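Chain residues, written in single-letter form:
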Amino acid sequence: EAEGNQDGRGGGVAGSWAVDETLRAKLREVFGQMDLNKDGRVDKMEMSKASGLLSELRVEFGLRAEVVFEDSMTLDQFDAGIARELEVTRKEQALSGFNVARAVAELLPGGSPEQPLAHLEGMNGEELRHFCRTSVAAEVEKLLRLQ
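Predicted, not measured: the structure shown is a model, and the values here were computed from it.

## As for helix α1 (residues 21-34)
Part 1 of the argument: Here α1 spans 20 Å end to end across 14 residues, near enough to the 20 Å set by a 1.5 Å rise per residue.
Part 2 of the argument: Looking only at α1, the buried set comprises Leu-23, Leu-27, Val-30, Phe-31 and Met-34. Along the axis of α1, the buried positions cluster into a sector of 100°, meaning they face one direction only. Of the residues in α1, the exposed ones pointing more than 90 degrees away from the buried face are Glu-21 and Thr-22.
Part 3 of the argument: Where α1 is buried, its residues touch β1 (42-43), α2 (44-49), α3 (51-61), β2 (72-73) and α4 (75-96).
Part 4 of the argument: For α1, the N-terminal capping position is held by Asp-20, with its side-chain oxygen 3.1 Å away from the main-chain nitrogen of Thr-22.

Printed below as a string of structure tokens:
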């Protein structure tokens, strides 16, 4: 079973895509501009000062703002983080056409306007796994086969 990601956003296997040479060149350029002391690592202070560069990169390549990095990173770590986010973003965009979130929402019992996910949040681990493996999996399979 997949372990949780280091950034705390849950388990997953994303991160296997390689970035193309255009993006790789841009990443090297941005990393070089962020690495103010030229030690081959970018720390939180340097990242903070380069927030505009990161915003431009996100916009240029259609990335979401969720790219999370450790306190200090190398070019390879920066590259891997961007590649992972690019992969997840593209897959998320492709899945949006299948209305997966709506289909799952229709499966959820209970809740209220103030706490729409109350029933889901009240499930223990086994109940949640069962719900995902049966109801959610069957609905996602149905949606994918209809396309």
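Having put the structure on the table, let's press on.
## As for unusual backbone geometry
Part 1 of the argument: Positive phi, close to 55°, is recorded for Lys-38, a residue that is not glycine.
Part 2 of the argument: Looking at where Lys-38 falls in the secondary structure, it is placed in the loop between α1 and β1.
Part 3 of the argument: Its identity as a non-glycine residue notwithstanding, Asn-99 has a phi of 55°, on the positive side.
Part 4 of the argument: Structurally, Asn-99 can be placed in the loop between α4 and α5 (100-107).

## Quick look at the packing of α5 against helix α7 (residues 125-146)
Between two packed helices, both the angle of their axes relative to each other and the distance between the axes serve to describe the pair.
Part 1 of the argument: As a packed pair, α5 and α7 sit with axes 10 Å apart at the nearest point and diverge in direction by 135°. Taken as axis vectors, α5 and α7 run oblique relative to one another. You can see that α5 and α7 cross each other, and the crossing is right-handed. Seen from α5, the contacting residues are Val-100, Ala-103, Val-104 and Leu-107; seen from α7, they are Phe-131, Ser-135, Val-136, Glu-139, Val-140 and Leu-143.
Part 2 of the argument: Of the residues in the contact of α5 with α7, the class split is 8 nonpolar, 1 polar and 1 charged.

## Brief notes about the packing of aromatic side chains
Part 1 of the argument: For the structure shown, the criterion picks out 1 aromatic pair.
Part 2 of the argument: A centroid spacing of 5.8 Å and a plane angle of 45° characterise the contact between Phe-31 and Phe-78, whose relative ring orientation is tilted. Residue Phe-31 is found in helix α1, and its partner Phe-78 is found in helix α4; the two are separated by 47 residues along the sequence.
Part 3 of the argument: What makes Phe-78 buried here is its relative accessible area of 0%.

## Thoughts on the environment of Gly-111
Part 1 of the argument: Relative to the helices and strands, Gly-111 resides in the loop between α5 and α6 (118-121).
Part 2 of the argument: Remark: the alpha-carbon pair of Gly-111 and Gly-122, spanning 11 residues in sequence, is separated by 10.0 Å.
Part 3 of the argument: Excluding residues that lie within four positions of it along the chain, Gly-111 makes contacts with Pro-116 and Ala-118.

## Comments concerning the packing of α3 against α4
Part 1 of the argument: Contact geometry for α3 and α4: axes closest at 12 Å, N-to-C directions at 40°. Viewed along their axes, α3 and α4 adopt a mutual orientation that is oblique. For the crossing formed where α3 meets α4, the hand is right-handed. Of α4, the residues touching α3 (which contributes Leu-54, Leu-57 and Phe-61) are Phe-78, Ile-82, Leu-86 and Arg-90.
Part 2 of the argument: Across the contact of α3 with α4, the residue classes break down as 6 nonpolar, no polar and 1 charged.

Parameters at a glance
- Residues numbered from 1 in each chain as written.
- Predicted model: local features only at pLDDT ≥ 70, side-chain atom pairs only at ≥ 80, totals over all residues.
- Heavy atoms only, no water.
- Helix = DSSP H or I, 4+ residues; strand = E, 2+ residues; numbered from the N terminus.
- Expected span 1.5 Å × (residues − 1).
- Buried < 20%, exposed > 50% of the residue type's maximum accessible area, 1.4 Å probe, protein only.
- Arc of directions from axis to C-beta.
- Contact = heavy atoms within 4.5 Å.
- Polar contact = N/O pair within 3.5 Å; in protein donor to acceptor, adjacent residues only side chain to side chain.
- Axes fitted to C-alpha atoms, helices over the stretch in contact; angles between N-to-C directions.
- Parallel < 35°, antiparallel > 145°, perpendicular 65-115°, else oblique.
- Left-handed = near helix turned anticlockwise from the far one by under 90°.
- Nonpolar A, V, L, I, M, F, W, Y, C, P; charged D, E, K, R; others polar.
- Phe/Tyr/Trp six-rings, centres within 6.5 Å; stacked < 30°, edge-to-face > 60°.

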